[in-house]
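The residues making up each chain are set out below.
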Amino acid sequence: MAYESVNPATGETVKKYPDLSDAQVKEAIDRTFDVFQKDWGKRSIEDRSKILHKAAEIFRSDIDKYARLMTLEMGKRIEEARGEVKLSADILDYYAKNGSTFLAPQKVEEKPGAVVKAFPLGLILAIEPWNFPYYQLARIAGPYLVAGNALLVKHSSSVPQCAHAFEEVLEQAGVPKGAYTNLDASPAQVSSLIEDSRVRGVTVTGSASVGAELAAKAGKMWKKSVMELGGSDAFIVLEGVDIDDKLIEQAVYGRLFNAGQVCCAAKRFIIVGKKQAEIFTEKLKARFESLKIGDPFDEKTTLAPLSSIAARDQVVAQVEKAVSNGATLVCGGKALKRPGAFMEAGILTDISRDNPAYFEEFFGPIAQIYSVESEAKAIELANDSPYGLGGAVFAKDIEHGCKVAEQIETGMVSVNKPLWTAPELPFGGVKHSGYGRELSHFGIQEFINWKLIDASAAE
Ligand code: NAD
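Labelled according to an unreviewed UniProt entry, the protein chain appears under the name Aldehyde Dehydrogenase, originating from Zymomonas mobilis subsp. pomaceae. Recorded in UniProt for the protein chain, the comment headed Sequence similarities (unreviewed entry) runs: "Belongs to the aldehyde dehydrogenase family."

Printed below as a string of structure tokens:
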């Protein structure tokens, strides 16, 4: 598996990393097991938290340096990249600040003398995607390291510089060598790690198909797993909502952040009312056509390239397949004839249920727009998806919006704003979007052995 940085804005290969040998993988897991048993797993939560605070400080002290690496490797707009570095630091800080409260021993009121205490599970294997190169790592490193677990991390092969930089920051902050190890590992080496009895948990963020494959392997080995997988979130606009500039900007943000490569992006716009849907489509088209496509390092760029030529070609092929199955391409959706992974933002309408596009995740700047006659139909359509990650509901009355949100079969729904993430908000889905949660107090619980020590009086 070739780990290399290729600049998606130019197609130029910037840096290559050698393949790991099986002996290096073995050496890494031996070291991780040793450091977990003798050192990291035994330290106090306060000690580990101080180190994570320090890592957050290091990220904040040189935001531009870390941001530029992401923009270089996967084409994220530089402004978004700076935001991601700050958010990643916030996540590390959040767990450093709150970890001891989240994992405090719990007495059992009805049984004086019985207590439930949090212990780390041990070695956790993490498999991560390229779309948020640091944020994804912060979501696992923050909670699991504070809890005392040790991490073996296989990041995406397209963001190795970010992966190595993250590991270096943790080491610089004082995480002992081996407690967090980046491995440029192959799928076969990942499988061997899942099979190793010292690995106690597996967490995967990625596509539904890869998640299903790795969840099955983990399950076969009796390993607890967390799956943070793909999504095709609905963005529902109910009757009576003004299709004004603010709403359109929220739709643009929800769909096009990170060039549309976000698991919980708004991918299916479901508009109640034919006239409303027409106005929405017209206005969104005008905004999509006004975007400035270009170099992600240029602050004036509003639509960056996709993460790679292959990723771009996949989205363009999906658009073509959708059209050949009867959808209407209202605008855009085509590759730009220039070097790099650039494409136009596009809009698809008239997507019938027998069109493959209806059930697919579009991981790029493509908005699907559906017009429905009633709120009930909007909810039905939103839920008629294999995915169940997030969603957004826009309503004139916020309480009513919340009632509709309750009926959407996903792990997260925002009301009157596009869905977004924060350290204190739980993240995760249902159905093919996976299971388990990251972030918030829920996230830190996933790889904990809540052990009962029962010294209450015998009955
Ligand atoms: P992907 O599934 O192709 O890859 C994810 C990771 O798995 C990468 O590190 C990849 O190298 C690795 N991988 C792939 N095949 C493997 C195998 N057979 N054995 C071991 N490892 C393997 O996904 P991607 O293209 O990197 O990311 C995009 C997908 O991730 C989208 O579907 C997106 O919605 C999803 N995603 C989900 C979340 C979430 O929190 N739910 C967050 C970000 C991205």
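Colleague: Whenever I open this one, the domain arrangement of the protein chain confuses me. Can you help?
Modeller: How big an interface is tends to be expressed through the accessible area that disappears when the partners come together. With domains assigned, the protein chain is organised as domain 1 (3–229 + 434–454) and domain 2 (233–423). Distance from the C-alpha centre of domain 1 to the C-alpha centre of domain 2: 30 Å. Between domain 1 and domain 2, the contact holds 29 residues from the first and 28 residues from the second. Counting the surface lost from both domain 1 and domain 2, the interface buries some 2,300 Å², and carbon and sulfur atoms represent 61% of this. Applying the counting criterion to the domain 1 and domain 2 interface returns one salt bridge. A salt bridge links arginine 82 to glutamate 299, with the shortest nitrogen-to-oxygen separation between them at 2.8 Å. The interface formed by domain 1 and domain 2 holds 10 residue pairs in polar contact (both at pLDDT 80 or more) in total. Counting residues per element, the ones that place at least two in the side of domain 1 that touches domain 2 are helix 3 (63–74) and helix 4 (78–102). Counting residues per element, the side of domain 1 that touches domain 2 draws most heavily on helix 4, which supplies eight residues. Among the residues forming the side of domain 1 that touches domain 2, the class breakdown is 15 nonpolar, six polar and eight charged.

Colleague: What is the right way to read the sheet that holds strand 5 (residues 123–127) from this model?
Modeller: Adjacent strands of a sheet form backbone hydrogen bonds with each other and so pair up, either parallel or antiparallel. In spatial order, the strands read 7-6-5-8-9-19; together these six strands make up an open sheet with mixed pairing. Single-partner strands in this sheet number two, and they are strand 7 (180–182) and strand 19 (434–435). The pairing of strand 9 (residues 224–228) with strand 19 spans two bridges and is classified as antiparallel. Residue pairing in the sheet places methionine 227 in a bridge with tyrosine 435 of strand 19. Packed onto the sheet, helix 5 (residues 135–146) meets strand 5, strand 6 (150–154), strand 7, strand 8 (199–205) and strand 9 and runs at close to 165° relative to strand 6. Across the sheet, helix 7 (residues 187–195) is in contact with strand 5, strand 6 and strand 8; its angle to strand 5 comes to roughly 155°.

Colleague: It is not clear to me how the nonpolar core should be interpreted in this structure. Could you clarify?
Modeller: The nonpolar side chains of a soluble globular protein tend to be buried with one another. Counting residues in hydrophobic clusters, the biggest one holds 67 residues, and the most contacted among them are Phe59, Tyr134, Leu145, Phe166 and Tyr180. Sort the elements by how many residues they give to this core and helix 4 lands first, with 11 residues. Each of domain 1 (3–229 + 434–454) and domain 2 (233–423) gives at least three residues to this core. Dropping the residues within four chain positions of it, tyrosine 180 is found in contact with Leu137, Ala141, Leu145, Leu151, Val153, Phe166, Glu167, Leu170 and Val175. Judged by nonpolar contacts, the second largest core, of 57 residues, contains Ile236, Leu247, Val319 and Ala392.

Colleague: Quick question: what am I supposed to make of the sheet that holds strand 10 (residues 233–237) here?
Modeller: Sheet architecture is open: seven strands sit in the order 12-13-14-11-10-16-17, paired in mixed fashion. Since the sheet does not close on itself, it has two edges, and those belong to strand 12 (328–331) and strand 17 (414–415), each with one partner. Strand direction decides the pairing type here: strand 10 and strand 16 (residues 391–394), joined by four bridges, are parallel. What sits directly across from valine 237, in strand 16, is phenylalanine 394. Across the sheet, helix 10 (residues 274–289) touches strand 10, strand 11 (266–272), strand 12, strand 13 (346–349) and strand 14 (366–372), and the angle it forms with strand 14 is around 165°. Sitting on the sheet, helix 12 (residues 375–383) is in contact with strand 10, strand 11 and strand 14, with an inclination near 160° to strand 11.

Colleague: Explain the environment of serine 197 here, please?
Modeller: By secondary structure assignment, the location of serine 197 is in the loop between helix 7 and strand 8. For the pair serine 197 and leucine 123, spaced 74 residues apart in sequence, the C-alpha to C-alpha distance is 9.6 Å.

Colleague: Hey, could you run me through the site of the ligand in this one?
Modeller: Close to the ligand lie 28 residues, the nearest being Glu128, Arg139, Ser207, Leu229 and Glu361. Between the ligand and arginine 139, the relevant distance is 2.7 Å, taken from an oxygen atom to a side-chain nitrogen or oxygen of the residue. Glutamate 228 places a side-chain nitrogen or oxygen 3.4 Å from an oxygen atom of the ligand. If you tally residues by element for the shell around the ligand, the top one is helix 8 (residues 208–220), at three residues. In terms of residue class, the shell around the ligand is made up of 13 nonpolar, nine polar and six charged. Each of domain 1 (3–229 + 434–454) and domain 2 (233–423) gives at least three residues to the shell around the ligand.

About the cut-offs
- Residues numbered from 1 in each chain as written.
- Predicted model: local features only at pLDDT ≥ 70, side-chain atom pairs only at ≥ 80, totals over all residues.
- Heavy atoms only, no water.
- UniProt positions renumbered as here; feature names shortened; annotations may be inferred.
- Domains from an automatic or database assignment.
- Contact = heavy atoms within 4.5 Å.
- Buried area = accessible area lost by both parts, 1.4 Å probe.
- Salt bridge = Lys/Arg side-chain N within 4 Å of Asp/Glu carboxyl O.
- Polar contact = N/O pair within 3.5 Å; in protein donor to acceptor, adjacent residues only side chain to side chain.
- Helix = DSSP H or I, 4+ residues; strand = E, 2+ residues; numbered from the N terminus.
- Nonpolar A, V, L, I, M, F, W, Y, C, P; charged D, E, K, R; others polar.
- Pairing = 2+ DSSP bridges.
- Axes fitted to C-alpha atoms, helices over the stretch in contact; angles between N-to-C directions.
- Core = buried A, V, L, I, M, F, W, Y, C linked by side-chain atoms within 4.5 Å.
- Buried < 20%, exposed > 50% of the residue type's maximum accessible area, 1.4 Å probe, protein only.
- Near = heavy atom within 4 Å.

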